[in-house]
Each structure stands twice: as C-alpha cells, then as structure tokens.
Amino acid sequence: MAANKRISFPFVGLYKGMWVTLRTLFKKPPTVMYPDVKEIPVPRARGVISLDTEACTVCMLCSRECPDWCIYIEGHKEEVPPSKPGGRVRTRAKLDRFDIDYALCMYCGICVEVCPFDALFWSPEYEYSEHSIADMLHNKDRLSDWLQTVPDPPGLESS
Amino acid sequence: MFWLEVVLKVLVVLLGMLTLALVVIYAELKIGAHMQNRIGPYYAGGRYGWAQPLADALKFIQKEDLVPRGADKTVFKAAPYIVVMATLAAFVVIPAGPDLVGVDLDLGVFYLLAISSLTTLGVLMAGWASANKYSLIGGLRAAAQLIAYELPLVLAVVAVVVQAGTMSLNGIVEAQAETWFTIGSVEVSAPFILKGQIIGFIIFGIAAVAELSRIPFDMPIAESELTMGYLTEYSSLRFTMFFLAEYASIVLLSAIAATLYLGGYWAPWVPEDALNAFGPLILLAKVAILTFVVIWIRWTWPRLREDQLQSLAWRWLIPLALFNILVIATFKVVG
C-alpha cells in the first residue's frame, strides 16, 4: 500500500478530532493565574528597553532606525575644559531627553541591535501598564531605572 | 386543587428549564475552555466561576433594549417569546417518571414535533422583522435548514413509533422497559437503540444538532459571514431569551432522544415502583451524556457549507431514514 493512500474509513478525520478534544479536556491547562501567581519570564524576554545614560552618545542611530519612530532624543554639545593646560577644548554630546513611547513601540529590538555603544538593553520586566496612554512615554530617568532589572549577560562560550 | 397542580407543574417546568439552561451554558463554557486548553470562567461566584451564566444574564439584562428603526416592531418583539414558548411547551410532555409528566398525551410524539417546529417560525420572524440583511439571510437559512432537517428527524421518529406501537411518550418508555427476551429466569429488556434503532438514533442525533443550529450546522448564525444571523439586531432581555431558549432546546432535544432511544426514565434492574423517585435522576443522567456529546461536537468539528448541509439532509439522511423505517416495519411485521 502506498504511504500516501487516503484512509478509506468514513469520516476518520472527524473521529480523530473528537479524540483530540477529549484528550485535551482532561489535560491540565498551562494557564498561570496572573495577578495571583506571576510568571517568571526567561532572561532574554523582550519586556522593556532600558537605557544606560552614561554610555549614550546622542548619535541618534536608534531613533533613526526605529520603524515606529517612537524614540525621541534631544541633546546639546558641551565644552569640556582641556585636561592639561594648553590643551585643546573638546566638545562632548550631552543627553537632554531620551523618551521611548511604549504605546507605539512594537518591541522589534532594532534600537538595541543598532546601538554602537551598548547603551540600550532588553529587560524581561513587563508590568508597566498605565491608566493613561500618555504615561506610556517613558523618560530618561524611568528608562535608566529599568537598567537595574537587566539580567547579567550570559557567560562567554568556553572553547 | 386542580389549579394548584397546574401552577406547580408550570413552576417546575419553568424553573427546571431555566436552571438546566444555565447549567448547560456553564458546562459549555467550562468544557469548551478545557477542550481548548484554557480554564474558562474562574472568578465569578468564588469557586470555579459557577456564577458566570448568572453574571452573563445580568449583564445582558442591563443592556439597552434596541429596536431598529426600520423594523416591524410587533413581529420583532414577539419573535423571542414564540421561540421561548415553543421550547417551554415541549417540556410539558417529557416524562420524568411514570407519573411525573406534565400531560401524558396520546399523541405526545406528534405534539413534540409540531411544537418544536414553532421555533423555526420565531427564528424566521426575527430574521424578517429585523430590517437587516444579515438577519434576513440568517432567518432564511434557518428556515431552509430546519425544513431540511425536520424531515429526517420526523422519519427517524416514525421508526420508533412503529416499533413501540404508540405515540405516547410514556408508552414508548414502557415499550422499552418490556422484557425483550429471557435468559433462564433473567428477564432482559433493552432500550430501542439496542433493538435495531442505532441508525435511527444517529439520524435523529444529526438532525437534532441541525435543528439546534449548532456547529457543525450553524449556518444561520455563521459569525464569519452573517455576523450573528437572525440574532444580529437583538439585545438585552430579548437576546437573553433567544440565548436561554437555545440552551434549553439542547436539554429538550437530549431529553427527547433519551426518551425515544435510550429508555427515558427507565433503567435496567430498577424496580418498577422506585421509578417515580429515581426516574428524574436517570433521565437527567442520560440527558447529561447526550448534552456533553453535543457540546463536544461543537468544540471539535468545523462548520458545513450551506450546500453540503442541504445535500447531507436530502441526499443521505432522508433516504437512510426511509430505509430505516422499511427495515423496522419489516421486522415489526415479521417478528
């Protein structure tokens, strides 16, 4: 008999379906009763994006790559006095504003990927829903606070 | 005394139907959820979400009672009552024990089939009066479907009537309780499903699910194409009435199937005089099993297309039901 021959028993698919639903009926659903029991997400879960303000150089790459245009960055140049007398006065970018609008964000992670200075990190934290949509705009301070929830990066692969 | 009895019977049927409908709604929510690996209602009522159907009913009642501007108001408002009344009235003749029956009509089966067809009228009225194309198509589909499946239903029941030799539902149950054959001194009696009515039972089951317009025969309210069919324009209490009637008819048709094929309130080796006490429980157990199968089918099978649905009734079920009558009648005459 050919392997792909159709089984000729009438309505076999219907009975198979009945068997599947009956088996599932007696299985324990994997539901986690959320507000009472909290699910622990995996370390690499894409919960919220956190910002390391010290590392950010206001290069705007994340803002430009963001498909939803949900990152707002403002900054200015500051003059740093020369470290040695007679040295050149250097300019340095200072971050004034770094907002991510989580009402628009689609959690693609392109900003984290694209950041050349490792200023953005994924955190598995997920409890930041708000009553007002305006509060979904997280400012610099709030994004830096998320940094504490970022898990340590996995160790380097040996060998 | 007479009026007291009537009032009591009405109350029992009314409350019994409502309670059973709510229980079936709860069972559907819970079984359906677990069949899809969900938990279903959980918080309402403290434990297991047992109060969910009550909460749903309360919510529906709070909604605004809308009547569309172009609707035929009288017909629109009357339709849910007709559906509920037809379902309620059918409960009257279902025997739950030798004496526990609303009215033991000689033409019980005939009355049942006639009154359950009234539901179609209500559905058609709802569809026609809603002034909505979805409702109209839903109502017409319901009418076409119910006409198509009323025939195999009736023909399947005819075979039972032929075998039992009576149209009284009590008589049909007694015919199943009669001794079929004896092994030594043990008297064996069996319900009709074991006495050669298995094909009839399957036909009746398919046609009954179609009469209920449930999946896989829910073309009249097919959400993906007709929104909610004839129910589209209904809200509030009127919607609740349709909803309750739908679930009460599941119980009703399960009870009819149990009475006609599974022996109704009778069970083997239960003494004759205990039937009045245990009859309702036996009947309920049989109804529960059949209702579970109806729910089970609903959460498993996909919907039939309209032409498949019609061809199943006209090309397969009706010829099969006629053949079934022929066989049963032949055995009745010969045996």
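Residues numbered from 1 in each chain as written. Chains lettered and ligands numbered in written order. Predicted model: local features only at pLDDT ≥ 70, side-chain atom pairs only at ≥ 80, totals over all residues.

**Observations concerning the overall build of chain A**
Then, in step 1: Regarding its fold elements, chain A presents four helices and five strands.
Then, in step 2: The helix and strand sequence of chain A, counted from the amino end, reads α-β-α-β-β-α-β-β-α.
Then, in step 3: Relative to the globule expectation of 15 Å for 159 residues, the C-alpha radius of gyration of chain A, 26 Å, shows a markedly less compact shape.
Then, in step 4: For the C-alpha atoms alone, the extent of chain A along its principal axes is close to 95 × 45 × 35 Å. (Helix = DSSP H or I, 4+ residues; strand = E, 2+ residues; numbered from the N terminus. Rg over C-alpha atoms; globule rule 2.2 N^0.38 Å.)

**Focus on the overall build of chain B**
Then, in step 1: Per the secondary structure count, chain B includes eleven helices and two strands.
Then, in step 2: Helices and strands in chain B line up, N terminus first, as α-α-α-α-α-α-β-β-α-α-α-α-α.
Then, in step 3: In terms of overall dimensions, chain B has C-alpha extents of about 70 × 45 × 45 Å along its principal axes.
Then, in step 4: Taken over 335 residues, chain B has a buried fraction of 45%.
Then, in step 5: Nonlocal contacts in chain B, meaning residues at least 24 apart in sequence, comprise 76% of its contacts between residues at least 6 apart. (Buried ≥ 20, exposed ≤ 12 C-beta atoms within 10 Å, placed from the backbone. Contact = placed C-beta atoms within 7 Å.)

**Describing helix α9 (residues 236-261) of chain B**
Residue and element names in this part refer to chain B.
Then, in step 1: The end-to-end C-alpha separation of α9 is 38 Å, in line with the 38 Å expected for 26 residues at 1.5 Å each.
Then, in step 2: Taking burial as the measure, the 26 residues of α9 include 22 buried ones, the bulk of the element.
Then, in step 3: Of the residues trailing α9, Gly263 is marked for its positive phi of about 90 degrees. (Expected span 1.5 Å × (residues − 1).)

**Looking at the interface of chain B and chain A**
For an interface, size is often stated in terms of accessible area lost upon the parts coming together.
Then, in step 1: Taken together, the ten residues of chain B in the interface contact ten residues of chain A.
Then, in step 2: If one sorts the elements of the side of chain B that touches chain A by residue count, helix α1 (residues 2-35) of chain B sits on top with three residues.
Then, in step 3: The class makeup of the residues in the side of chain B that touches chain A is six nonpolar, three polar and one charged. (Nonpolar A, V, L, I, M, F, W, Y, C, P; charged D, E, K, R; others polar.)

**Remarks on the sheet that holds strand β2 (residues 71-80) of chain A**
All names here are of chain A.
Then, in step 1: Taken in spatial order, the three strands line up as β2-β3-β5 in an open sheet, and their pairing is antiparallel. Edge positions in the sheet fall to β2 and β5 (137-138), since each has one partner strand and no second.
Then, in step 2: In terms of strand pairing, β2 meets strand β3 (residues 90-101) through ten bridges, oriented antiparallel. Paired with His76 across the two strands is Lys94, which belongs to β3. (Pairing = 2+ DSSP bridges.)

**Examining the nonpolar core**
Then, in step 1: Counting 99 residues, the largest nonpolar core has Ala21(B), Ala156(B), Phe204(B), Ala207(B), Ala248(B), Val251(B) and Ala257(B) as its most contacted members.
Then, in step 2: Top element by residues in this core is α9(B). It accounts for 16 residues.
Then, in step 3: Those residues in contact with Ala156(B), other than ones at most four positions away along the chain, are Gly200(B), Ile203(B), Phe204(B), Ala207(B), Ala321(B) and Asn324(B).
Then, in step 4: In this structure, Leu51(A), Cys66(A), Ile71(A) and Leu143(A) belong to the second largest nonpolar core, which totals 16 residues. (Core = buried A, V, L, I, M, F, W, Y, C linked by C-beta atoms within 7 Å.)

**Here's the deal with the packing of α1(B) against α9(B)**
Residue and element names in this part refer to chain B.
Then, in step 1: It is at 8 Å that the axes of α1 and α9 come closest, and there the two elements cross at 95 degrees. Regarding the angle of α1 to α9, the classification is roughly perpendicular. Within the contact between the two elements, α1 uses Met17, Leu18, Leu20, Ala21, Val24 and Ile25 and α9 uses Leu244, Tyr247, Ala248, Ile250 and Val251.
Then, in step 2: Tallied by class, the residues present in the contact of α1 with α9 amount to eleven nonpolar, no polar and no charged. (Axes fitted to C-alpha atoms, helices over the stretch in contact; angles between N-to-C directions. Parallel < 35°, antiparallel > 145°, perpendicular 65-115°, else oblique.)

**Side note on the pairing of strand β1 (residues 48-51) of chain A**
Residue and element names in this part refer to chain A.
Then, in step 1: Every second residue of β1 is oriented toward a common face, with Val48 and Ser50 on one face and Ile49 and Leu51 on the other, all of them buried.
Then, in step 2: Pairing of β1 with strand β4 (residues 120-123) involves four bridges; the strand directions are antiparallel. Within β4, the residue paired with Leu51 across the bridge is Leu120.

**Quick notes on helix α5 (residues 133-164) of chain B**
Quick reminder: α-helices carry 3.6 residues per turn. Residues three or four places apart thus point the same way.
Then, in step 1: When the terminal C-alpha atoms of α5(B) are compared, their 45 Å separation across 32 residues agrees well with the 46 Å that a helix rising 1.5 Å per residue should span.
Then, in step 2: Phi turns positive one or two residues past the end of α5(B), at Gly165(B), with a value near 75 degrees.

**Regarding the environment of Val186(B)**
Then, in step 1: Structurally, the position occupied by Val186(B) is in strand β2 (residues 186-188).
Then, in step 2: As for Val186(B) and Leu260(B), which are separated by 74 residues in sequence, their C-alpha atoms are 24 Å apart.

**Observations concerning the packing of helix α3 (residues 73-91) of chain B against α9(B)**
Residue and element names in this part refer to chain B.
Then, in step 1: Across the interface, α3 lies against α9 with an axial gap of 9 Å and an inter-helix angle of 25 degrees. As summarised for this structure, α3 and α9 are arranged roughly parallel, according to the angle between their axes. The interaxial crossing formed by α3 with α9 has left-handed handedness. Each of Pro80, Val83, Val84, Thr87, Ala90 and Phe91 in α3 lies in contact with α9, whose residues at this interface are Arg238, Met241, Phe242, Ala245, Ala248, Ser249 and Leu252. (Left-handed = near helix turned anticlockwise from the far one by under 90°.)

**Some words on the pairing of β3(A)**
Then, in step 1: Where β3(A) and β5(A) come together, two bridges link them in antiparallel fashion. From the neighbouring strand, Asp101(A) faces β5(A), where its bridge partner is Leu137(A).

**Some details on unusual backbone geometry**
Residues and elements named next belong to chain B.
Then, in step 1: A positive phi angle, near 65 degrees, is found at Asn37, a position not held by glycine.
Then, in step 2: Considering the arrangement of structural elements, one finds Asn37 in the loop between α1 and α2 (52-62).
Then, in step 3: In this structure, Tyr48 is a non-glycine residue whose phi angle is positive, near 55 degrees.
Then, in step 4: Within the secondary structure, Tyr48 sits in the loop between α1 and α2.
Then, in step 5: On the basis of neighbour counts, which here come to 15 C-beta atoms within 10 Å, the residue Tyr48 falls in the partly exposed class.

**Description of the environment of Met167(B)**
Then, in step 1: Mapped onto the fold, Met167(B) is located in the loop between α5 and α6 (169-177).
Then, in step 2: What Met167(B) contacts, discounting residues up to four positions off in sequence, is Asp106(B), Leu107(B), Gly108(B), Val109(B), Phe110(B) and Val161(B).

**Regarding the confidence of the model for chain B**
All names here are of chain B.
Then, in step 1: For chain B, per-residue confidence averages 84 on the pLDDT scale, and residues scoring 70 or more make up 100% of the total.
Then, in step 2: Taken element by element, the predicted model of chain B shows its lowest mean pLDDT in β2 (72) and its highest in helix α7 (residues 198-211) (88).
Then, in step 3: Across the interfaces of the predicted complex, the ipTM metric reaches 0.73, alongside a pTM of 0.79. (pLDDT = per-residue confidence, 0-100.)

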